[in-house]
Amino acid sequence: MDLSRVASAAPTLLGPEAPVILSPPSNEQGGQSRAPCDSFLCHSPPANTWIAVETLQSEYSLLVRLPGFNRNGMLVSFLSIIRRRILHVVADSWEPEGGHFERRVSFGYDAELSQVRAEFDGEMLRIVVPRRILAATSS
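Each chain has its residues counted from 1, following the order in which its sequence is written. Owing to the predicted nature of the model, reporting of local features is limited to residues with pLDDT of at least 70; listing and counting of side-chain atom pairs is limited to 80 or more, with chain, interface and lining totals taken over all residues. The basis for the side-chain values is all heavy atoms of the structure; hydrogens and waters are excluded.

Observations regarding the sheet that holds strand 10 (residues 124-130)
The condition that has to hold: Two strands pair if DSSP finds at least two bridges between them. The helix and strand labels rest on DSSP assignments: H or I over at least four residues marks a helix, E over at least two residues marks a strand, and numbering proceeds from the N terminus. Axis lines are fitted through C-alpha atoms, for helices just across the contact stretch, and the angle between N-to-C directions can take any value from 0 to 180 degrees.
Judged by pairing direction, the sheet is antiparallel, and its four strands sit side by side in the order 4-5-10-9 without closing on themselves. Either end of the sheet is taken by a strand with one partner, and the two such strands are strand 4 (50-55) and strand 9 (117-120). Across the sheet, the mean angle separating the axes of adjacent strands is 15° when strand polarity is ignored. In this structure, strand 9 lies alongside strand 10, joined through four bridges in antiparallel fashion. Bridge pairing in strand 10 places Glu119 opposite Arg126.

What follows is the structure, encoded as structure tokens:
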């Protein structure tokens, strides 16, 4: 048996996909506007909020600017739906200038979503998603 043919027929493993910030959920449901009583919060986030993702060798670092929000109104959760590994960040502020902030971030297979850590300093939410160390394949 010629082993060189077997080795070359092995599938190559592609690198993990870079994180993607998905668009926020729409205020429209099934083509109809939401009823005013669905929520007393404004569904658009305050203008000075944002999210950024930094890719490092050992982790993904998400920085979310949320001025006027507080820790009790935040939720960070993850979903794993058939190859789509999604981190869901939700924050609500009931202050007069507050609102609703919601973003989903899709990760590749190297993200350890069960090991997510988050800290909030009153304005910046920093979320750390560790990356799996992938064994280098020799060619």
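After presenting the structure, the write-up continues.
Quick notes on the side chain of His100
The criterion, for reference: Polar contacts here mean pairs of N or O atoms no more than 3.5 Å apart (in protein, one a potential hydrogen donor and the other a potential acceptor; neighbouring residues in sequence count only if both atoms are side-chain atoms).
Locating His100 in the fold gives a position in strand 8 (residues 100-107). Side chain to side chain, His100 and Asp92 meet in a polar contact 2.4 Å long. A polar contact is formed between the side chain of His100 and the side chain of Glu102, at a distance of 2.7 Å.

Re the confidence of the model for the chain
Detail in the predicted coordinates should be disregarded across regions flagged by low pLDDT. So the rule is basically this: Confidence per residue, as judged by the predictor, is encoded in pLDDT with a range of 0 to 100. The criterion used for residue contact is that any of the two residues' heavy atoms lie within 4.5 Å.
Averaged over all residues, the pLDDT of the chain equals 77, while 70% of them reach at least 70. Put simply, strand 2 (residues 28-29) is where the chain has its lowest mean pLDDT, 46, and strand 5 (residues 59-65) is where it has its highest, 96. Overall, residues 6-10 carries pLDDT values under 50, and its contacts beyond four positions in sequence, including any with other chains, amount to one contact. Confidence over residues 28-39 falls short of pLDDT 50; this stretch has five contacts with residues more than four positions distant or in other chains.

Concerning the pattern of salt bridges
The criterion, for reference: The salt bridge definition used is simple: a Lys or Arg side-chain nitrogen within 4 Å of an Asp or Glu carboxyl oxygen. Buried residues are those whose accessible area, probed at 1.4 Å on protein chains only, stays under 20% of the maximum for their type, while exposed residues exceed 50% and partly exposed ones sit between those limits.
Under the counting rule described, the total for this entry stands at four salt bridges. Arg131 is the partner of Asp110 in a salt bridge, and the nearest nitrogen-oxygen pair spans 2.6 Å. Placement of the pair is Asp110 in the loop between strand 8 and strand 9 and Arg131 in the segment after strand 10, with a sequence separation of 21 residues. Of the two residues examined, Asp110 and Arg131, each falls in the buried class. With a closest N to O distance of 3.1 Å, Arg132 and Glu112 form a salt bridge. Of this pair, Arg132 sits in the segment after strand 10 while Glu112 is found in the loop between strand 8 and strand 9, placing the two residues 20 residues apart along the sequence.

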